[in-house]
Structures are given as C-alpha cells and as structure tokens.
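Summary of the model geometry
Given next are the chains, with one letter for each unit.
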Amino acid sequence: MIELKDVHKSFGRNEVLKGISASVEKAEVVCIIGPSGSGKSTILRCINGLESYDRGDIRVEGTRVARDGASITAIRTQVSMVFQRFNLFPHRTALENVIEGPVFVKKEPRAQAVERGRALLAQVGLADKADAHPPQLSGGQQQRVAIARALAMQPKAILFDEPTSALDPELVGEVLAVMRKLADDGMTMVVVTHEMGFAREVADRVLFIDGGIIVEQGPAKGLLNQPQHPRTQDFLRRVLHPL
Amino acid sequence: MEKFARDAAEFLPILLNGVALTIIVTLGSLLLSTLLGLVWAMMRVSGVAALSWLSAAFINLIRGIPIIVLLFYLYFVMPDLGVSMTALQAAIIGLGVAYSAYQAENFRAGIEAIDKGQIEAAHSIGMGWWLTMRRVILPQAVRIVLPPYGNVMIMMLKDSSQASTITVAELALQGKLIASSTFKNTSVFTLVALMYLTMSIPLILLVRHFEKRASHR
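Residues numbered from 1 in each chain as written. Chains lettered and ligands numbered in written order. Predicted model: local features only at pLDDT ≥ 70, side-chain atom pairs only at ≥ 80, totals over all residues. Heavy atoms only, no water.

When its secondary structure is counted, chain A shows nine helices and ten strands. At 18 Å, chain A has a C-alpha radius of gyration in line with the 18 Å of a compact globule built from 243 residues. With the C-alpha coordinates aligned to their principal axes, the bounding extent of chain A is approximately 55 × 45 × 30 Å. Taking all 243 residues of chain A together, 56% fall into the buried category. Nonlocal contacts in chain A, meaning residues at least 24 apart in sequence, comprise 64% of its contacts between residues at least 6 apart. Accessible surface computed for chain A: about 10400 Å², of which carbon and sulfur atoms make up 47%. For chain A, the distance from the average position of its 31 positive side-chain charges to the average position of its 29 negative side-chain charges is 3 Å. (Helix = DSSP H or I, 4+ residues; strand = E, 2+ residues; numbered from the N terminus. Rg over C-alpha atoms; globule rule 2.2 N^0.38 Å. Buried < 20%, exposed > 50% of the residue type's maximum accessible area, 1.4 Å probe, protein only. Contact = heavy atoms within 4.5 Å. Areas by Shrake-Rupley, 256 points an atom, 1.4 Å probe, with all protein chains shown as cover. Lys, Arg positive; Asp, Glu negative; His and termini not counted. Charge placed at Lys NZ, Arg CZ, Asp CG, Glu CD.)

Okay, here's the thing in structure tokens:
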C-alpha cells in the first residue's frame, strides 16, 4: 500500500536518508525505531509530502508522492498524520478540530460530519470534551483528539510521529490504548516511536533505522527479542536498560 | 476661562464640520490600508518569489517617502499625467497607500508568528494554501495583530491632519483658518487639540481591550 524505493533526502549538506526502501501492506502496523536524528520522522514526512525527497520513489497505492504535484492533496486525505506535539488548532473546539477536514476539504455536509465527529470523539474516550478548546485539555486528551481528527478523514493509513514523546509518563498509556484499538480494528499504521513495549505487542514489523539507512528489519518480536545487527543490539540495550 | 467658553461656543460648529471630514479621511484610509496591507502581506508569504519580491519592493518604496510628499504627488502631479481627483480622494488614497506598508508588515509579523506545526497539521488534512490561510492562520494571527492595529488607527486619526496640506478642510485646517482670521490662537488650537484627544480616547481604550484579550490566550 505504501512503497518506498531508494529514497534519498538531504537537508543542505546533511544527508538524512541514504536510500530507504520499504513497504507497508494494508492493515499492517509497522514501527520505526532508532536513535534521534536517524531520519525516522523524515521518512514519515516524506510519505505524505510534508517534506520533499531528492531521489527515489514513494508511492501510496500506486500514486507517486510529489510534493508539488496535484495528487498531493488526494494522498494527504488518504494518509493522515498524528504529530508529536499534537498540533491541534487552538482556536477551535475538539469537535471543530475533528470536523475541519471533512467539512472544508472533503465538503461533507456539516450535520453528517458532526455526527461522525462525535462518534469518533467517543471512540477515543472524549465524548464529554467535544466543546473544550485544546488548551483546556491534558496532553493525552489532546493527542486523542488529534487521532480522532486523523480518523475523521477516513484515511487508508495513519502516520504517527512519536505520538507519546511529548506526554507526561502517566498519560502515555491512554494514547497507546487508543492506538492499539485502531491496530486491532485493521488500520494501516506507520509509527515512529520509542515505546518498545508498544512495538513488541502491537507492531507486525519493526524497522531499525540508524544513520539514514535501514539497519535491520523484521517481525516485531524477533527483532526486539533477538536483534541480529550489533547496532540494533546496542540501541535496544541502551533504550531498555538506560542505567 | 470664561473667554475660552465663549470662543468655544462660537467656533465649535465650524470645527465640527472639520471633525466630520477628519473621520471620513481616517475611516476611508483605514479601510484602504487594511485591504492593501492584507494583499501585500499575502504576496509576501505566498512562497512565490516574484510576488514576494514585488511586495517587499513596494513596501520599501512607500516607507521611504514622506506621507506629505505622497499627498502632493497625488494631488498636484497626477493631474499632469491625466489623472485628476478631488482633494478628499487624494487624501484617502495617499494615506491609505502610505499606511498599507505598515499594515502589511504588521500582518506579516502576525502570520509568521503562527507555529509551523499548525501549517503542517492543516496540510496533513489536505488543506491547500488558501484554505490553510483562511481557516488556520488568519484566525489565529488576528489576535496577535489587533493591538498594533489599534495603534495604527490612532496614528491614522492624527495623521489625517496632513490632508490639510492638500486643501481638505478637516479639523486641523478649519482650526488654522479660524485662527488666522480671528487671531484667537490659544482658544482655537486648544479646542482642536482637545477634539483630537476626544476622538483618540475611545481608540486608546479599544487598544487596551485588544491587549488584554491577546494576553489571555
């Protein structure tokens, strides 16, 4: 469904992606792990065209992702994104955040979008917060609204860019629980994360990225329990046993 | 004091005619400068190099010319080029164009103060440039821009007196005419000053209200 072939990307003279090839199947959950600065987030941002790439090919259901192309809007409505810092619209209520895309981009009738928006907020456990503005919500609640906003586009896949990294530790669980439910319901997900527990239990596959290349990839349990490459072993040791 | 009261009663009706023109010039040029300023600001942040350059060039050109020279140009030079207008039209256009440069910089600062994550979030749900502007950026930028906008309103009210230099009989010019024919300089110009102040006070209160609201968020 999502296909990357030999993707290269530089910021100035700094090459952050040095030939990434990977694919994500329908209903698959793929976690991308790796040290910070390794290019994990850049991969996600290239998939929905928030960032351009210099060389290679990215396709979503066969359509090439080109940042300046006319198809980019269509791709973005099919591949939603959840950000590390939520990026909710602070001047709109939770419900308005959720229906913004359906009403103004997809031109859905408002009443229908509102009905579905309320259902989505209920799905992420925030039925009673529909009229709250983002600054009145906790980080975990904001991120769940952001997930509802992504779902409102009825996407074929959702990209998660470190969705729990900006959260207080006690709020991480509520967001991961919502994501796990999505995965169980068959949503295609690509998740950049440092939550190894989530990766082990929910992901089908894990990619370990370091220095702009995929160092190792494989089924989640296998890779996380018995990493083959020394760099993967070293990274996991440091993440799992920081002391 | 008694003398001042008598003079005031005598001159107030004439000065009030001037006040009407002052208000017309101020509101007219405020409207024009806001619309033009928005256009320049949008061009500046459009991401299209040619538009951005054009807007920057225009803003710098206007900022480098005194308002009074701009007014003279419109009123005295344009007729030579075949474009003639009334003094009032020239005043509104001159002040409106001059202030559009400051409005544009103000608007641009407000737009650029919005977190980049907001733009990315808008793009990620498929919004294009215009929809992102209209639904995400501008509504948030307004809150940032309003306090300085209020200050511009006050400055425009006072700078509308420059229209007197091209024969618009607004408050300042009415005052000067009365003073030079009656020699009652003290009474007349004290009255004029008080009338400008009276018009400024509601605007000053408005700015304070905007500032309070902006700091609440």
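Our next topic: the overall build of chain B. In terms of regular secondary structure, chain B is built from eight helices and zero strands. From first element to last, N terminus to C terminus, chain B shows the α and β order α-α-α-α-α-α-α-α. For chain B, the spread of C-alpha atoms along the principal axes amounts to about 70 × 50 × 20 Å. The 217 residues of chain B split such that 45% are buried.

Time to look at the sheet that holds strand 5 (residues 63-64) of chain A. By definition, the strands of a sheet pair up through backbone hydrogen bonds, in either a parallel or an antiparallel sense. Residues and elements named next belong to chain A. The four strands lie next to each other as 2-1-4-5, forming an open sheet whose pairing is antiparallel. Unpaired on one side and paired on the other, strand 2 (14-24) and strand 5 mark the two borders of the sheet. Pairing geometry for strand 1 (residues 2-11) and strand 2, over eight bridges, is antiparallel. In the sheet register, Ser10 faces strand 2, and the bridge partner there is Glu15. (Pairing = 2+ DSSP bridges.)

Residues and elements named next belong to chain B. Where helix 1 (residues 2-44) meets helix 6 (residues 129-159), the axes come as close as 11 Å, and the angle between the chain directions of the two elements is 145°. For the crossing formed where helix 1 meets helix 6, the hand is right-handed. Of helix 6, the residues touching helix 1 (which contributes Thr22, Thr26, Ser29, Leu30, Ser33, Thr34 and Met42) are Trp129, Trp130, Met133, Leu138, Tyr149, Met153, Met156 and Leu157. A breakdown of the residues in the contact of helix 1 with helix 6 according to their chemical character gives ten nonpolar, five polar and no charged. (Axes fitted to C-alpha atoms, helices over the stretch in contact; angles between N-to-C directions. Left-handed = near helix turned anticlockwise from the far one by under 90°. Nonpolar A, V, L, I, M, F, W, Y, C, P; charged D, E, K, R; others polar.)

What follows is about the sheet that holds strand 9 (residues 205-210) of chain A. Residues and elements named next belong to chain A. One open sheet holds the six strands; their spatial order is 6-7-8-3-9-10, and the pairing between them is mixed. The sheet is open, and its two borders are formed by strand 6 (79-82) and strand 10 (213-219), each paired with just one other strand. Neighbour to neighbour, the strand axes of the sheet diverge by 15° on average, direction disregarded. Across four bridges, the pairing between strand 3 (residues 29-33) and strand 9 is parallel. Within strand 9, the residue paired with Cys31 across the bridge is Val206. Each of strand 3, strand 7 (157-161) and strand 8 (188-192) is contacted by helix 6 (residues 169-184), which is oriented at about 145° to strand 8, the strand it contacts most. The strands touched by helix 9 (residues 230-240) are strand 3, strand 9 and strand 10; relative to strand 9, the strand with the most contacts, the crossing angle is about 95°.

This next bit is on a nonpolar patch on the surface. Together, Leu194, Leu197, Ile201, Ile204 and Leu205 of chain B make up an exposed nonpolar region whose accessible area comes to about 440 Å². Within the element layout of this structure, Leu194 of chain B appears in helix 8 (residues 185-216). (Patch = residues over 30% accessible without salt bridge, like charges linked within 9 Å, V, L, I, M, F, W, Y side chains within 5 Å. Salt bridge = Lys/Arg side-chain N within 4 Å of Asp/Glu carboxyl O.)

Below, the discussion takes up the pairing of strand 10 of chain A. All names here are of chain A. Pairing geometry for strand 9 and strand 10, over six bridges, is antiparallel. Bridging from a neighbouring strand, Val206 pairs with Gly218 of strand 10. Between strand 9 and strand 10, which pair antiparallel one after the other, the connecting turn spans two residues, and Gly211 there sits at a positive phi close to 60°.

The next thing to look at is the packing of helix 2 (residues 49-63) of chain B against helix 4 (residues 87-112) of chain B. In a packed pair of helices, the relevant descriptors are the angle between the two axes and the axis-to-axis distance. Residue and element names in this part refer to chain B. One way to put it is that helix 2 packs onto helix 4 with a least axis distance of 9 Å and a crossing angle of 125°. On the basis of the axis angle, helix 2 is oblique to helix 4. Crossing handedness for the pair helix 2 and helix 4: left-handed. On helix 4, the residues that touch Phe58, Ile59, Ile62 and Arg63 of helix 2 are Val97, Ala98, Ser100, Ala101, Tyr102, Ala104 and Glu105. Within the contact of helix 2 with helix 4, the residues separate by chemical class into eight nonpolar, one polar and two charged. (Parallel < 35°, antiparallel > 145°, perpendicular 65-115°, else oblique.)

Further remarks concern the pattern of salt bridges. If charged atoms from side chains of opposite charge come close, those side chains can pair. Going through the model one piece at a time under the given rule, you end up with 20 salt bridges over all chains. As a salt-bridge pair, Asp210 of chain A and Arg231 of chain A come within 3.3 Å of each other at their nearest N and O atoms. One end of the pair, Asp210 of chain A, is in strand 9; the other, Arg231 of chain A, is in helix 9, with 21 residues separating them in the sequence. We note a salt bridge from Arg63 of chain B to Glu105 of chain B, for which the minimum N-O separation is 3.9 Å. On the criterion of sequence distance, the pair formed by Arg63 of chain B in helix 2 and Glu105 of chain B in helix 4 is long-range, its members being 42 residues apart. When salt bridges that share partners are traced, they join Arg44, Arg63, Glu105, Arg108 and Glu112 of chain B into one network.

Here the focus is the packing of aromatic side chains. Evaluation of the coordinates by the stated rule reveals seven aromatic pairs over all chains. Centroid distance Tyr75 of chain B to Phe76 of chain B: 5.1 Å. Interplanar angle 65°. Geometry classified as edge-to-face. Aromatic ring contacts, followed pair by pair, group Phe72, Tyr75 and Phe76 of chain B into a single cluster. Lying over the aromatic face of Phe89 of chain A, Arg149 of chain A brings its terminal NZ or CZ to 4.7 Å of the ring centre. The positively charged end of Arg135 of chain B is found above the aromatic ring belonging to Phe104 of chain A, 3.7 Å away from the centroid. (Phe/Tyr/Trp six-rings, centres within 6.5 Å; stacked < 30°, edge-to-face > 60°. Lys NZ or Arg CZ within 6 Å of the ring centre and 35° of its normal.)

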